[in-house]
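So the chains spell out like this:
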Amino acid sequence: MLTAEKPQKSWHTLVFNTSKNLTDLISDFLLNIGAVSISLEDAKSQALFEMTPNQQLLWDQVQLTAYFEEAANLNEICQKLKEVMDNPQLVIKTNTFCDEDWLAKVKSLFKPKNYGKLWVYPSWEKPEAEKNPVIYIDPGQAFGTGSHQTTSLCLDWLAKQSLEKKSLLDFGCGSGILGIAALKLGCKTTNFVDNDPLALTITQENCQRNEIQIPASIMQPNELPQTTYDIVIANILAQTLITLSQQLTDHVKPGGTLVLSGILTEQVEAIDQTFLDHFSARNIIQNDEWVLWSATKSK
Ligand SMILES: C[S@@+](CC[C@H](N)C(=O)[O-])C[C@H]1O[C@@H](n2cnc3c(N)ncnc32)[C@H](O)[C@@H]1O
């Protein structure tokens with residue numbers, strides 16, 4: 001939840017570059033001495049592509065960020081890190097930030113935007129003039145404000161459909177933005193599914209915020225009944241979509257539509273190969289390097 005009342009907490013970050021081979025070792029070391037989280041980024045703009053479901057890819061040069069609570073002794077940690085890496089000259093950037101900075105940053109990036117006739121507003125803003133349909137989203141720590149291309153491709157697609165009397169499954173619902181949009185655009189029922197319990201809580205809150213009265217169920221993937229839907233929409237990365245292909249296919253009614261997002265242009269062929277045995281009338285819409293893939297299930 002993005003609420004200003006939360007107690008402010010400070011965090012420290014240590015940022016430094018390391019090589020792919022040392023990443024696991026150094027991450028374990030930092031976690032053992034109190035890091036609460038580690039994130040890895042590309043240090044040298046090296047393109048990586050998904051290969052197989054279980055393959056772990058990592059850049060050759062990695063920028064590692066370690067997060068520590070405010071009580072941590074940064075000087076001591078930096079000293080130990082240099083010793084472990086056997087590199088007294090290691091350049092380590094340190095930074096301290098508080099929760100409120102992060103919340104303010106998320107808020108500042110999320111602006112009201114329309115997708116065809118549909119307006120998406122951050123929950124902390126209200127339209128000056130009446131807008132209809134409009135949805136209010138507080139992403140909390142879940143993905144889904146509409147600002148990422150993979151979500152906006154889905155919202156644009158939904159806003160162009162005739163959704164009256166249709167049922168929809170929002171698979172990988174994140175903030176719930178797609179399912180809530182579908183309900184406001186006329187869908188009769190939506191099921192929301194995510195494997196992250198936090199996303200389910202945030203979806204529940206966003207449903208309440210948008211006064212969703214019509215049947216809407218929010219659950220883990222393994223709780224989903226063996227129902228079929230007119231539309232199944234999933235904005236997840238291509239490799240996960242491929243892994244989930246049987247489940248996604250099974251939930252689409254014959255003659256219904258599967259909508260997939262989170263796909264890079266070069267991954268469309270793999271998606272075609274995975275799904276086109278059961279689907280036809282395939283259509284793609286592109287936005288920069290991202291593609292929305294949709295197709296009709298064979299009867
Ligand atoms: C990119 S976010 C999309 C959120 C939102 N639907 C949107 O379009 O903005 C992907 C979501 O899929 C969920 N997810 C990833 N793998 C999943 C899986 N195997 N089963 C169910 N949900 C999954 C993630 O937890 C995350 O909330």
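Everything in this summary refers to the structure shown in the same document.

The rules behind these values
- Throughout, a residue's number is its position along its own chain's written sequence, starting from 1.
- Local features in this predicted model are restricted to residues whose pLDDT is 70 or higher, and side-chain atom pairs enter the listing and the counts only when it is 80 or higher, whereas totals over whole chains, interfaces and linings include all residues.
- Nearness is defined per residue: the C-beta atom, placed using the backbone, must lie within 6 Å of the molecule or strand.
- Secondary structure elements are defined from DSSP: runs of H or I of at least 4 residues count as helices, runs of E of at least 2 residues count as strands, and each element is numbered from the N terminus.
- Throughout this entry, Asp, Glu, Lys and Arg are counted as charged residues, while Ala, Val, Leu, Ile, Met, Phe, Trp, Tyr, Cys and Pro are counted as nonpolar. The remaining residues, Gly among them, count as polar.
- A pair of strands is considered paired only if DSSP assigns at least 2 bridges between the two.
- Between the N-to-C directions of two axes lies an angle of 0 to 180 degrees, each axis being a line fitted to C-alpha atoms and, for a helix, fitted only over the stretch in contact.
- We call two residues in contact when their backbone-placed C-beta atoms lie within 7 Å.

## Notes on the site of the ligand
Turning to step 1, where the next piece is worked out: Taken together, 21 residues lie around the ligand, and Gly144, Thr151, Gly172, Gly174 and Asn235 are the ones closest in.
Turning to step 2, where the next piece is worked out: Of all the secondary-structure elements, those providing two or more residues to the shell around the ligand are helix 4 (149-160) and helix 5 (177-184).
Turning to step 3, where the next piece is worked out: Per-class residue counts for the shell around the ligand are eleven nonpolar, eight polar and two charged.

## Side note on the sheet that holds strand 4 (residues 93-98)
Turning to step 1, where the next piece is worked out: Taken in spatial order, the four strands of this open sheet run 2-3-1-4, and their pairing is antiparallel. Single-partner strands in this sheet number two, and they are strand 2 (37-42) and strand 4. Geometrically, the sheet is characterised by an average inter-axis angle of 25° between neighbouring strands, direction not taken into account.
Turning to step 2, where the next piece is worked out: Two elements, strand 1 (residues 10-19) and strand 3 (residues 61-69), share nine bridges in a ladder whose sense is antiparallel. Bridge pairing in strand 3 links serine 19 to glutamine 61.

## A closer look at the environment of lysine 184
Turning to step 1, where the next piece is worked out: Tracing the backbone shows lysine 184 in helix 5.
Turning to step 2, where the next piece is worked out: In this structure the C-alpha to C-alpha distance between lysine 184 and asparagine 132, which are 52 residues apart in sequence, comes to 8.9 Å.
Turning to step 3, where the next piece is worked out: Those residues in contact with lysine 184 that sit more than four places away from it in its chain are Leu118, Pro133, Ile135 and Asn210.

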